[in-house]
Amino acid sequence: MKLPILIHPDPRLKKHAAPIADISDDLRTLADNMLETMYDAPGIGLAAPQVGMLDRLLVMDCIKDDGPPRPYVMINPEIIAKSDETSVYDEGCLSIPEQYGEVTRPAEVEVRWIDRDGKEQTEVFANLWATCVQHEIDHLDGKLFIDYLGPMRRQLITRKMQKLKRERARD
């Protein structure tokens with residue numbers, strides 16, 4: 001089932017998500033629905049706060065047309081190591097549609113999380129995967145990619161999103 005994606009500014013997008021203590025069938029269903037929503041949008045990552053759930057859960061899949069999907073479901077993800085080398089990507093966000101900004105992040109990160117079966121996983125991500133997982137973990141901490149931009153650019157994007165929300169409310 002596709003879920004509605006919150007649009008910035010929404011106070012829920014600025015809240016810190018709570019750790020997940022129990023992996024239930026409801027949580028797995030939420031993860032499946034988030035993947036369906038992400039693929040449909042289309043996007044490469046989606047965090048639970050973006051669909052109004054303040055849980056430390058994210059989904060991502062950075063494979064586009066290069067092969068079969070490689071979806072990740074990450075429960076309570078945390079970055080445990082990051083490279084000194086950085087990379088810059090022109091990031092976008094499903095909660096900030098059609099707006100982009102260059103963000104500098106570590107080029108590689110090692111992430112630890114619990115998978116949908118309750119098993120601990122650890123993996124090193126690089127390139128777009130590293131950017132995506134950092135972007136989504138930021139969502140779990142109430143941080144948006146525009147928080148990395150200058151104040152003028154951030155205000156401009158926020159005003160555009162307020163206008164978009166007003167237009168959608170009228171429709």
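Fair warning: this is a prediction, and the values are worked out from it, not measured in the lab.

A. Local environment of the overall build of the chain. Secondary structure assignment for the chain yields 3 helices and 7 strands. When its helices and strands are written in sequence order, the chain yields α-β-β-β-β-β-β-β-α-α. Computed over its C-alpha atoms, the radius of gyration of the chain comes to 16 Å, within 12% of the 16 Å expected for a compact globule of 171 residues. Dimensions of the chain, computed from C-alpha atoms along their principal axes, come out at roughly 45 × 40 × 35 Å. Expressed as a percentage of its 171 residues, the buried residues of the chain come to 44%. Look at the contacts in the chain between residues 6 or more apart in sequence, and 65% of them connect residues 24 or more apart. Looking at the chain as shown, the accessible area adds up to about 9200 Å², and 49% of this sits on carbon and sulfur atoms.

B. Local environment of the packing of aromatic side chains. Scanning the model with the defined rule gives 5 aromatic pairs in all. Taking 6.1 Å as the distance between ring centres and 40 degrees as the angle between the ring planes, the aromatic pair formed by Trp 113 and Phe 125 counts as tilted. Highlighted residues: Trp 113 in strand E6 (residues 108–114) and Phe 125 in strand E7 (residues 120–126), separated in sequence by 12 residues. The buried category is assigned to Trp 113, whose relative accessible area is 5%. Following the ring pairs from residue to residue traces out a cluster consisting of Tyr 72, Trp 113, Phe 125 and Trp 129. One Lys or Arg, Arg 70, reaches over the ring of Trp 129 and ends 5.7 Å from the middle of that ring.

C. Molecular detail of helix H3 (residues 151–170). For H3, with 20 residues, the first-to-last C-alpha span of 29 Å sits near the 28 Å given by 1.5 Å per residue. Of all the positions in H3, only Ile 157, Thr 158, Met 161 and Leu 164 are classed as buried. Looking straight down H3, one finds that the buried residues subtend no more than 120 degrees of arc, so they occupy a single side. Among the exposed residues of H3, those pointing more than 90 degrees away from its buried face are Pro 151, Met 152 and Arg 170. Buried residues along H3 sit against strand E5 (96–106).

D. Representation of the nonpolar core. Residues Leu 58, Met 60, Tyr 72, Met 74, Val 111, Phe 125 and Val 133 are the most contacted members of the largest nonpolar core, which totals 17 residues. Among the secondary structure elements, those contributing two or more residues to this core are strand E2 (57–60), strand E3 (72–82), E6 and helix H2 (127–140). Sorting elements by how many residues they give to this core places H2 first, with 6 residues. Ignoring sequence-local partners within four residues, the contact set of Met 74 consists of Arg 56, Leu 57, Leu 58, Met 60, Val 111, Trp 113, Ile 114, Phe 125 and Val 133. Membership of the second largest hydrophobic core comes to 16 residues, among which are Ala 31, Met 34, Ile 75 and Leu 94.

E. Seen up close, the pairing of E3. Bridge analysis of E2 against E3 gives 4 bridges, and the strand direction is antiparallel. Looking at the pairing, Leu 58 lines up with Met 74 of E3. Bridge count for E3 against E6 is 5 bridges, and the pairing is antiparallel. Pairing of Ile 75 across the sheet is with Ile 114, part of E6.

F. Main features of H2. Between its first and last C-alpha atoms H2 spans 21 Å; for 14 residues at 1.5 Å apiece the expected length is 20 Å, and the two agree. Across the 14 residues of H2, 12 count as buried, placing the element largely inside the fold. Every buried residue of H2 is listed here: Trp 129, Ala 130, Thr 131, Cys 132, Val 133, Gln 134, His 135, Glu 136, Ile 137, Asp 138, His 139 and Leu 140. Downstream of H2 by a residue or two, Gly 142 has a phi angle that is positive, lying close to 75 degrees.

Parameters and conventions
Per chain, the residues get numbers from 1 upward, laid out in the order the sequence is written. Residue-level local features of this predicted model are given only where pLDDT is at least 70; pairs of side-chain atoms are given and counted only at 80 or more, and the full residue set underlies all totals for whole chains, interfaces and linings. Excluding hydrogens and water, the side-chain figures rest on all heavy atoms present in the structure. Where helices and strands are cited, they refer to DSSP runs of H or I of at least four residues and of E of at least two residues respectively, numbered from the N terminus. Atoms counted for the radius of gyration: C-alpha only. Globule rule: 2.2 Å times the number of residues to the power 0.38. Three exposure classes are used, based on accessible area relative to the maximum for each residue type with a 1.4 Å probe and protein chains only: buried under 20%, partly exposed in between, and exposed over 50%. Residues are treated as being in contact if the distance between any of their heavy atoms lies within 4.5 Å. The protein chains shown are the only cover counted for residues, whose accessible areas, like all others here, come from Shrake-Rupley with a 1.4 Å probe. Note on aromatic pairs: the rings of Phe, Tyr and Trp (six-membered ring only in Trp) are paired at centre separations within 6.5 Å, and the planes decide the class, stacked below 30 degrees, edge-to-face beyond 60, tilted for the rest. Charge-over-ring placement is defined geometrically: NZ (Lys) or CZ (Arg) within 6 Å of the ring centre, and within 35 degrees of the ring normal. Working rule for helices: expected span equals 1.5 Å times residues minus one. Starting at the helix axis, one direction is taken to each C-beta atom, and the arc is that of these directions. The criterion is simple. A nonpolar core is a set of buried Ala, Val, Leu, Ile, Met, Phe, Trp, Tyr and Cys residues joined through side-chain atoms within 4.5 Å. Should DSSP find at least two bridges between two strands, the strands are taken to pair.

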